[in-house]
Amino acid sequence: MKFRDGMWLVREGVRVEYAEDVHKVTHSPGGDALSLLCPTRHIRSRGDTLNLSTLTIDIEAAFDDVISVTTRHWKGAQNPGPHYELYPHGRPESTAKITTSTAGTILTSGNLSCTISSNPHTFDISFTDATTFKPITSLLNRSVGLAYTPAPSSPISLGDMTSFSHYIFTQHNLAVGESIFGLGERFTAFNKVGQSLTLYNADGGTSSEQAYKNVPFYLSSNGYGVFIDHAEPVDLEIGSERSCRLQASVKGQRLKWYIIYGPDPKEVLRKYTMLTGKPGKVPSWSFGLWLSTSFTTSYDEATVGNFLDGMKQREIPVHVFHYDCFWLREFHWCDFEFSTEHFPDPKAMMTRLRKERPGLKFCVWINPYIGDASPVFAEAAEKGYLLKRTNGDVWQWDLWQAGMGLVDFTNPAACEWYVSKLETLFDVGVDCLKTDFGERIPDKDVQWFDKSLDPAKMHNYYAFLYNKVVFQALQNRFGKDQAVLFARTATAGTQRFPLQWGGDCESTFEAMAESLRGGLSLGVSGFAYWSVDIGGFEGTPDASVYKRWVAFGLLCSHSRLHGSNSYRVPWSIDEESSDVLRTFTDLKCRLMPYLYAQAIASTTSGLPVSLRAMFLEFPEDPTVWFLDRQYMLGDSLLIAPVFTESGEVDLYLPQGKWTSWFTGEVKTGPKWVKEKHGYLTCPVYVREGSILVLGKVGEKRVVYDYFEDVQVVVVQPLEGKDARAPVQLVDDRGNVRGEITLKGGELLLPSCIKEGWRLTVNGEDRAGVENLREDGCYKIKI
């Protein structure tokens, strides 16, 4: 929300009051916090203390390298929930200290310092690197304040606040050339500088400023991130009100945010996910190809069998089959019962299909809404499990489903009831769930079961509760590390309940690029996994879009074929599409030992498996901060999807030697490269110093022994200060079994690598390394 009209004027109908002085600084007894009393005009005499507002700014060391800043106007205002669940894995220790100098009062937390200037009649709060004293960002003159709309004619009129809206805002400085990223899955320009955004979950597709997954966290190219600890809508002016500042504002009496110092962007993400939660672990089978019936297409049990048979005939493995909305009866969404007209015996169907295709998993579509044509609606309404209006009626509307109600997950009994319905699906044979919707949550004329909660905050937070309930139900049934969702909506912390997909995109190259931007933004918001509707959701893709999207979609952490009113099986597109899908699905299967190790590492690092923004791996290269059409898949593979029918593509290779996956050609960066690809290849480059463990050529599974008949690939080995970290080895259950290291020109492989493995160094097979040495390692001179 903009409060000013340019630099000089306040907007019509707005009153703004700024913190002008730091009148008093109070130290906490523990030495880890400061409280600033900040009048909204300069205090030069005792009389100046009367008839004015003050702001209190509390600055506290959260843990090393992280400091919170809380700005309040009237302290008596309530702060109702819900609140984000912070420190779910435990709060890290803090080594904070407070010092004073001629510069002012300094709070230091790890390597992050906050200095409050001691200059009289000056408002200057600066954040710096405590070791190098490098400036990070600052709150300068007229950067913290409160605002009213409409503008009150006199202070006495504020005795009745029912006619006024009250806001708190802060503006921290943006340095010259600074870029801002994240804020959830956003489809607008990757660098958010210049954008006005409201963090408010919406079902708006992938081609506007609206987003399904709003996350109040952003990452700066200047070495820090900011988490805004508010579930309610947050308005951001990112260099869009004042071009040199980033403004956050909320409606209320309080605004709290955390500044998180890296300075490396990987460290920023690691520390942010210590605050809001690490990405959850997902089973290895979920990385395979998911095939959907699509949305409004006509399908039944015979259709499902024909789809699976067609894929088998074309030697394309399907690892998860998904039944979209119309597994349910029309007007009965979502009451958890298969349409007996189309699926007479769903349990027998799944048992037969699973027997014919060992390892096949099944997913069904659900949402948190219940249409009132279903008997389940009457049951839920009678028991008080649905959200109500303030007059006591069940909240209903006819958007999406006729007369639909909304499950109230603030009611523990409703949660238990909902889980009992999910259990009936697990009994039938369902292995995982697509948790669709959860964005259109009303925030006016509603009364939640937990009456202490603020409806404005519940709008975004509902995504957390909804996915948490379903994810934990899956964990309870299948095991802690065997739960997986396919979720559309999210907010801060929802990365704990993976995974998420990109929502309703069109079937165009432009929408494919929009989706990539969304995945990149979500990845730098703490989410490790991401998928997309291959071929696009809305419309029917032409053959070129479908085949290029297949390559992109299979080179994401998770891969699903899904559409709206048309099928996504390859033979419905053209003859070559089956070859393309087989090629990239086989590649995904072969990459699994590498991919799954990257996924397990993400549960502690907080890094995305995909889409991983290039700047997370190469932060010192200024060019990579502008790249939004390529990404890293893990830390070793560079992927540049093709967005043209002709196959022409421009990509950027950072410093070092890069080896083409498909040709073996080595190119040296930094430089831009122009290539042309047919449909069976795309730019995939292996980073120098990489050690990849791969499945055998032609592997069709994603769950197999990741240590038997594998190929160990060493690419342009590096040692000394340039050497990469040891490569962690995990099995198909995610257990760490050892690591591969390169030292002194000697490659050391642990004994979990079984006989029959191959070694390839810079494209050349090495022989004579079959024997295990006495120390339990294979040792090979490189």
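Counting from 1, residues in each chain are numbered in the order their sequence is written. With the structure being a predicted model, the display of local features is reserved for residues of pLDDT at least 70 and the display and counting of side-chain atom pairs for 80 or more, all residues being used for whole-chain, interface and lining totals. As a convention, hydrogens and water are excluded, and side-chain values are obtained from all of the structure's heavy atoms.

Some thoughts on the overall build of the chain
Moving on, step 1. Tallying secondary structure elements over the chain gives 11 helices and 42 strands in all.
Moving on, step 2. Against the 2.2 N^0.38 benchmark of 28 Å for 782 residues, the chain shows a C-alpha radius of gyration of 28 Å, consistent with a compact globule.
Moving on, step 3. Along the three orthogonal principal directions, the C-alpha set of the chain runs to about 85 × 70 × 50 Å.
Moving on, step 4. In the chain, which comprises 782 residues, the share counted as buried stands at 61%.
Moving on, step 5. Pairs of residues are marked as contacts when any of their non-hydrogen atoms sit within 4.5 Å. Of the contacts made within the chain by residues no fewer than 6 positions apart, 69% connect residues no fewer than 24 positions apart.
Moving on, step 6. When charges are counted, Lys and Arg contribute as positive and Asp and Glu as negative, whereas His and the chain ends are disregarded. For charged residues, the charge sits on one atom: NZ in Lys, CZ in Arg, CG in Asp, CD in Glu. Across the chain, 80 positive and 94 negative side-chain charges occur, with their mean positions spaced 4 Å apart. Secondary structure elements follow DSSP: runs of H or I of four or more residues count as helices, runs of E of two or more count as strands, with numbering from the N terminus. The globule rule is 2.2 Å times the number of residues to the power 0.38, and the radius of gyration it is compared with is taken over C-alpha atoms. The buried label goes to any residue with under 20% of its type's maximum accessible area, the exposed label to any with over 50%, and the partly exposed label to all in between, with areas taken from a 1.4 Å probe on protein chains only.

Here we look at a nonpolar patch on the surface
Moving on, step 1. On the surface, a cluster of nonpolar side chains totalling about 420 Å² of accessible area is made up of M7, W8 and L9.
Moving on, step 2. Looking at where W8 falls in the secondary structure, it is placed in the loop between β1 (4-5) and β2 (9-10).
Moving on, step 3. For W8, a relative accessible area of 71% translates into the label exposed. Patch membership requires more than 30% relative accessible area and the absence of a salt bridge. Residues of like charge join within 9 Å; the nonpolar side chains Val, Leu, Ile, Met, Phe, Trp and Tyr join within 5 Å. Exposure was quantified through the Shrake-Rupley algorithm and a 1.4 Å probe, taking into account, for residues, occlusion by the shown protein chains and nothing else. Here, a salt bridge means any Lys or Arg side-chain nitrogen found within 4 Å of an Asp or Glu carboxyl oxygen.

What to know about the UniProt feature "domain: Glycoside hydrolase family 31 N-terminal" (unreviewed entry) in the chain
Moving on, step 1. On the UniProt side, "domain: Glycoside hydrolase family 31 N-terminal" (unreviewed entry) is annotated at positions that read residues 57-234 here.
Moving on, step 2. For the annotated span residues 57-234, helix accounts for 0% and strand for 44% of the residues, and the straight-line distance between the end C-alpha atoms is 19 Å. UniProt positions are given in the numbering used here, feature names are shortened, and annotations may be inferred rather than shown by experiment.

Re the packing of helix α9 (residues 575-590) against helix α10 (residues 592-605)
Moving on, step 1. Between N-to-C directions, angles span 0 to 180 degrees; the directions come from axes that are lines fitted to C-alpha atoms, helices contributing only their stretch in contact. The contact between α9 and α10 brings their axes to 5 Å, and the two run at 60°. With respect to their mutual orientation, α9 and α10 come out oblique. Touching K588, C589 and R590 of α9 are M592, P593 and L595, all from α10.
Moving on, step 2. Residues are grouped as follows: Ala, Val, Leu, Ile, Met, Phe, Trp, Tyr, Cys and Pro are nonpolar; Asp, Glu, Lys and Arg are charged; every other residue, Gly included, is polar. By residue class, the composition of the contact of α9 with α10 is 4 nonpolar, no polar and 2 charged. If an angle is under 35 degrees, it is roughly parallel; if it is over 145, roughly antiparallel; if it lies from 65 to 115, roughly perpendicular; otherwise it is oblique.

Regarding the packing of helix α8 (residues 543-554) against α9
Moving on, step 1. The N-to-C vectors of α8 and α9 enclose an angle of 10°; their axes lie 9 Å apart at closest approach. For the element pair α8 / α9, the angle class is roughly parallel. Every residue of α9 that contacts α8 at Y546, K547, V550, A551 and L554 is listed here: E576, S577, V580, L581, F584, T585 and K588.
Moving on, step 2. Looking at the contact of α8 with α9, its residues break down into 7 nonpolar, 2 polar and 3 charged.

Observations regarding the packing of aromatic side chains
Moving on, step 1. In summary, the pairing rule links any two rings of Phe, Tyr or Trp, Trp by its six-membered ring, whose centres are within 6.5 Å, and it sorts them by plane angle into stacked for under 30 degrees, edge-to-face for over 60 and tilted for everything else. Under the defined criterion, the tally for this structure stands at 57 aromatic pairs.
Moving on, step 2. Aromatic pair F307 and Y567: ring centres 5.0 Å apart, planes at 85°, arrangement edge-to-face. Within this pair, whereas F307 is found in helix α2 (residues 301-313), its partner Y567 is found in the loop between β29 (559-561) and α9, the two being separated by 260 residues in sequence.
Moving on, step 3. Using a relative accessible area of 7% as the deciding quantity, one classes F307 as buried.

Examining the UniProt feature "domain: Glycoside hydrolase family 31 TIM barrel" (unreviewed entry) in the chain
Moving on, step 1. With numbering aligned to this structure, UniProt lists the feature "domain: Glycoside hydrolase family 31 TIM barrel" (unreviewed entry) at residues 282-597.
Moving on, step 2. Along residues 282-597 one finds 39% helix and 9% strand; the C-alpha atoms at either end are 12 Å apart.

So, the sheet that holds strand β17 (residues 214-220)
Moving on, step 1. Note on pairing: two strands pair once DSSP finds at least 2 bridges between them. Taken in spatial order, the 8 strands make up an open sheet running β4-β5-β6-β7-β21-β18-β17-β15, and their pairing is antiparallel. Every other strand in the sheet has two partners, leaving β4 (24-27) and β15 (180-184) as the edge strands with one partner each. Looking at each pair of strands side by side, their axes are set apart by 20° on average, direction ignored.
Moving on, step 2. Here β4 pairs with strand β5 (residues 33-39) via 4 bridges, running antiparallel. Note on β5: the bridge partner recorded for K24 is L37.

Some details on the nonpolar core
Moving on, step 1. Grouped together as the largest cluster of nonpolar side chains are 182 residues, with contacts concentrated most on Y323, W327, I366 and Y418.
Moving on, step 2. Ranked by residue count, the leading element in this core is helix α6 (residues 455-478), at 11 residues.
Moving on, step 3. Discounting residues that sit within four places of it in the chain, Y418 has contacts with F336, I366, N367, P368, V407, F409, Y466, V469 and V470.
Moving on, step 4. Note on terminology: a nonpolar core comprises buried Ala, Val, Leu, Ile, Met, Phe, Trp, Tyr and Cys residues joined through side-chain atoms within 4.5 Å. Grouped together as the second largest cluster of nonpolar side chains are 44 residues, L112, L139, Y218 and L255 included.

Considering unusual backbone geometry
Moving on, step 1. Cis geometry is found at the peptide bond from T149 to P150, where omega equals -10°.
Moving on, step 2. Take P150: it is sitting in the loop between β13 (144-149) and β14 (165-173).
Moving on, step 3. A cis geometry characterises the amide bond from S610 onward to L611, with omega recorded as -5°.
Moving on, step 4. Positive phi, normally seen in glycine, also occurs at L183, with a value near 65°.
Moving on, step 5. Structurally, the position occupied by L183 is in strand β15.
Moving on, step 6. Using a relative accessible area of 0% as the deciding quantity, one classes L183 as buried.

So, the pairing of strand β11 (residues 125-129)
Moving on, step 1. Within β11, 4 of the 5 residues are buried, which leaves the element mostly enclosed by the surrounding structure.
Moving on, step 2. Here strand β10 (residues 112-117) runs beside β11; their pairing, made up of 5 bridges, is antiparallel. Bridge pairing in β11 places T115 opposite S126.
Moving on, step 3. Bridging between β11 and strand β12 (residues 135-139) involves 4 bridges; their strand directions are antiparallel. When the sheet's bridge partners are listed, I125 is paired in β12 with L139.
Moving on, step 4. Two successive antiparallel strands, β11 and β12, enclose a turn made up of 5 residues, where F133 displays a positive phi of approximately 65°.

Side note on the side chain of N222
Moving on, step 1. Here N222 shows up in the loop between β17 and β18 (224-228).
Moving on, step 2. Side-chain polar atoms of N222 contact the backbone oxygen of I136, separated by 2.8 Å.
Moving on, step 3. Leaving out residues up to four positions away in the same chain, N222 has contacts with K134, P135, I136, A175 and E178. Think of a polar contact as two N or O atoms within 3.5 Å of one another; within protein, one of them needs to be a possible hydrogen donor and the other a possible acceptor, and neighboring residues in sequence only count if both atoms come from side chains.

A look at the pattern of salt bridges
Moving on, step 1. Counted under the stated rule, the structure contains 49 salt bridges.
Moving on, step 2. A salt bridge links D579 to R582, with the shortest nitrogen-to-oxygen separation between them at 3.0 Å. Of the two residues, D579 and R582 both sit in helix α9, 3 residues apart, roughly one turn of that helix.
Moving on, step 3. E699 serves as the salt-bridge partner of R701, at 2.8 Å between the closest nitrogen and oxygen.

A closer look at α2
Moving on, step 1. For a helix, the expected span equals 1.5 Å multiplied by the number of residues minus one. Its 13 residues place the ends of α2 18 Å apart at the C-alpha level, agreeing with the 18 Å of an ideal helix rising 1.5 Å per residue.
Moving on, step 2. Considered for burial, the residues of α2 that qualify are T303, V304, G305, F307, L308, G310 and M311.
Moving on, step 3. Residues of α2 that are buried in the fold lie against β22 (289-292), β23 (320-323), α3 (346-356), β29 and α9.

Some words on the side chain of E178
Moving on, step 1. Position of E178 relative to the elements: it lies in the loop between β14 and β15.
Moving on, step 2. Buried charge E178 goes without a salt bridge, the closest partner of opposite sign being K134 at 9.5 Å.
Moving on, step 3. At 2.5 Å, the side chain of E178 and the side chain of Y224 are in polar contact.
Moving on, step 4. Filtering out sequence-adjacent residues up to four positions away, E178 remains in contact with N173, V193, S220, S221, N222 and Y224.

Comments concerning the pairing of β22
Moving on, step 1. Going residue by residue along β22, you find L289 and L291 tucked away on one face and W290 and S292 tucked away on the opposite face as well.
Moving on, step 2. Two elements, β22 and β29, share 3 bridges in a ladder whose sense is parallel. Within the sheet, the bridge partner assigned to W290 lies in β29 and is R560.
Moving on, step 3. In this structure, β22 lies alongside β23, joined through 3 bridges in parallel fashion. In the sheet register, L291 faces β23, and the bridge partner there is F321.
Moving on, step 4. Looking down the strands as they point away from you, a crossover is right-handed if its path from the first strand over the helix to the second goes clockwise. Viewed along the sheet, the connection from β22 through α2 into β23 turns out right-handed.

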